[in-house]
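# Chain and residue survey
In case you want the letters, here they are:
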Amino acid sequence: MAKSSRRRKRICRNWTELPEKATASILSRLGAIEILESAQKVCMKWRKLCKDPFMWSKIDMRNDGEVNYDLEEMCRHAVDRSSGNLVDINIEYFGTDELLEYITERRLRLLYCDDISDGGLSKVASKLPLLEELDISLCQNISHKALAMVGSSCPLLKSFKFNKEWCQFSHDGRGPYEFHFSNHYPRILKAYRKRDQVTFHGILDYDAEALAIAGTMHGLRHLQLFGNKLTDDGLRSILDCCPDLGSLDLRHCFILNMEGDLRRICDERIEKLWLPHDSTEGKEFVARSEAYCFKWTELPDDVTVLILSQLGGIDILTSAQKVCSKWFRICKDPLMWRTIDMCNNFDINNYKPFFFHELCEHAIERSCGKMVDINVENFGTNELLKYHIAESSTGLKRLRLVTSFRITDEGFREVASKFPLLEDLDLSIHEDISHETLALVGRSCPLLKSLKFNKRWFDEGRYNNRYKLERNDCALAIAGTMHGLHHLMLFRNTLTNKGLCAILDGCPHLESLDMRQCFNLRLGGKVGRRCAEQIKELRLPHDSVDDIDPSYQFVFDQ
């Protein structure tokens, strides 16, 4: 009969197994758009978490300004879900006066919301008595009049960002910090560098916003005025009227001359000070990535560990640990390597056994002897087993060696006695492992509860009469030495009813038994009834193989 390789599924991680607290912490790092359009549709557990009002105490509607959703309607839905618990909201590109009236909270961020007017912000300001943080960046229609109303209506305001766009973001693809300044830029910058007094028409208008801040926001601790046109007089007013100010960002405020004692006062009074010519690295409101990237590095360490633990060792060593210094630090913790999963999607055209071997050695070294569980697929060798796994892991409880043809019977027999605490063993697709080695494992590992001993194929025609007399040897070795087994998988084994009966007699605690494609068995009579009575989870020779672990890479008949 023609045979073909069964298409192997990619190995997937079950993220739904994370604790609810960890899942909620992860989802809270997503924006509202991602939650409503994607995350809540993953599964029932995630949908339940996404409907919790406390998930919506902070609503982040950040986007790149080019989405096709009705963002205002989506934002209203998010506000409704908060059930009055909303304390922090970020709106970008789509804010309107009507939407503002719909919202009351403690932190408000408006970015590129040109449809919000002075009148709209002034009207809603009286409804925000608990507001502590306000960010109005690149909103063209907001003036000093609205700022004065906000200051008067929000006595608890401690942080204010009011950023202007004297310049435009570069659209030529040269990077997120490339700018094209207005025609006044060369003259302004030259005057600033020479500290010359520059005369500007309508100079009083340039200080209107600074005076509104100074006159009404006396409790400010943090102020950012990127690209503002305030003068030295406006800055002095802010310093005089905001005695608690601890950080002040004046980058690109090029009209400032900082003459006389003004610079000294700033240095003495302000703990964190950015001057007009300082670097623009890190200014949040113009960086392209700020619109749609979320800072996974801000997750608590314990949540980050939970996430990284869902990855395989290869993914961690080749990718995850390179994300940032925090992830690298976590990935070096020996406790991260108690379980080492070297799963890989085998590709004969891109097979890298020596590369995987080296990564596995490195992972075992990082465990510092704390490893209790290891999975090796497609690249295991006698050297790896003897000099790294056996010598570094005396407390090993689970060992999985799949399709590792370079591990020989002699090689495994040499280390079998070095795993006295072993509870779970998977030796699949090891055609060379003998019944003598299985018996040694049984005698050396008294705590063994689970064994998988699977073959690649079963072809009765390839065995001669002498071998047929020995085809129960492995079953008898299991029955004679592994009396504490609870789970046994013998896919495509050559055992007969005699061997099966020996296992049922010798393993009285057996709860699950998988005998799929063990075609020497005849289970129509007493033996079949005994299996049904004694075994809770029973898989028979002709049962479906659809749920077989794809890492075994079995060949199936068409």
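About the thresholds
Residues numbered from 1 in each chain as written. Predicted model: local features only at pLDDT ≥ 70, side-chain atom pairs only at ≥ 80, totals over all residues. Heavy atoms only, no water. pLDDT = per-residue confidence, 0-100. Contact = heavy atoms within 4.5 Å. Salt bridge = Lys/Arg side-chain N within 4 Å of Asp/Glu carboxyl O. Helix = DSSP H or I, 4+ residues; strand = E, 2+ residues; numbered from the N terminus. Buried < 20%, exposed > 50% of the residue type's maximum accessible area, 1.4 Å probe, protein only. Core = buried A, V, L, I, M, F, W, Y, C linked by side-chain atoms within 4.5 Å. Axes fitted to C-alpha atoms, helices over the stretch in contact; angles between N-to-C directions. Parallel < 35°, antiparallel > 145°, perpendicular 65-115°, else oblique. Left-handed = near helix turned anticlockwise from the far one by under 90°. Nonpolar A, V, L, I, M, F, W, Y, C, P; charged D, E, K, R; others polar. Pairing = 2+ DSSP bridges. Right-handed = clockwise from strand over helix to strand, strands pointing away.

### Observations regarding the confidence of the model for the protein chain
Averaged over every residue, the pLDDT of the protein chain is 82; residues scoring 70 or more account for 81%. Overall, residues 284-293 carries pLDDT values under 50, and its contacts beyond four positions in sequence, including any with other chains, amount to 31 contacts. pLDDT under 50 marks residues 459-470. Its contacts with residues more than four places away, or in other chains, come to 5 contacts.

### As for the pattern of salt bridges
Following the criterion strictly, the structure yields 24 salt bridges and no others. Here Arg109 and Asp135 are joined by a salt bridge, their closest N and O atoms 3.2 Å apart. Here the residue Arg109 occupies a position in strand 4 (residues 107-111), and Asp135 occupies one in strand 5 (residues 133-137), the gap between them amounting to 26 residues. The pair formed by Arg109 and Asp135 is uniform in burial state, with each residue classed as buried. A salt bridge links Asp267 to Arg263; the nearest nitrogen and oxygen atoms lie 3.2 Å apart. In this pair, Asp267 and Arg263 are both assigned in helix 12 (residues 262-269), 4 residues apart and thus about one turn of the helix distant. Residue classification places Arg263 among the partly exposed positions, given a relative accessible area of 34%. One salt-bridge network, in which partners are shared between bridges, spans Arg236, Asp261, Arg264 and Glu268.

### Section: the nonpolar core
Counting residues in each nonpolar core, the largest one holds 69 residues, and the members touching the most others are Phe160 and Leu235. For this core, the element with the most residues is helix 4 (residues 71-82), which contributes 5 residues. What Leu235 contacts, discounting residues up to four positions off in sequence, is Leu230, Leu248, Leu250, Leu256, Met258, Leu262 and Cys266. Membership of the second largest hydrophobic core comes to 68 residues, among which are Ala320, Trp327, Ala390 and Leu495.

### What to know about the packing of helix 22 (residues 497-506) against helix 23 (residues 526-534)
The contact between helix 22 and helix 23 brings their axes to 11 Å, and the two run at 30°. What the angle tells us is that helix 22 and helix 23 run roughly parallel. Considering the relative orientation of helix 22 and helix 23, their crossing is left-handed. Packed against helix 22, whose contacting residues are Asn497, Leu500, Cys501, Leu504 and Asp505, the element helix 23 presents Val527, Arg530, Cys531 and Gln534 at the interface. For the contact of helix 22 with helix 23, the residue count by class is 5 nonpolar, 2 polar and 2 charged.

### As for the packing of helix 19 (residues 435-444) against helix 21 (residues 473-481)
The geometry of a pair of packed helices is captured by two quantities: the angle between their axes and the separation between those axes. In the contact formed by helix 19 and helix 21, the axes pass within 8 Å of each other and the chain directions differ by 10°. The orientation of helix 19 with respect to helix 21, classified from their angle, is roughly parallel. Where helix 19 crosses over helix 21, the handedness of that crossing is right-handed. Only Asp473, Cys474, Ala477, Ile478 and Thr481 of helix 21 make contact with helix 19, whose side of the interface consists of His435, Leu438, Ala439, Gly442 and Arg443. Taken together, the residues that form the contact of helix 19 with helix 21 break down as 5 nonpolar, 3 polar and 2 charged.

### Focus: the sheet that holds strand 18 (residues 512-514)
With respect to topology, 8 strands assemble into an open sheet ordered 12-13-14-15-16-17-18-19, the strand pairing being parallel. In this open sheet, the two strands that pair with only one neighbour each are strand 12 (339-342) and strand 19 (537-539). Strand-to-strand twist in this sheet, taken as the mean axis angle between neighbours without regard to direction, amounts to 5°. Bridge count between strand 15 (residues 424-428) and strand 16 (residues 450-452): 3 bridges; the pairing is parallel. Residue Leu425 lies in a different strand from strand 16, and its bridge partner there is Leu451. Each of strand 12 and strand 13 (373-377) touches helix 16 (residues 353-367); the most contacted strand, strand 12, lies at about 175° to it.

### A few points about the pairing of strand 5
Of all 5 residues in strand 5, 4 are buried; the element is thus mostly enclosed. Assessed by its sense of winding, the connection that carries the chain from strand 4 through helix 6 (residues 118-125) to strand 5 is right-handed. This β-α-β element, strand 5 to helix 7 (residues 144-153) to strand 6 (residues 159-163), shows right-handed connectivity.

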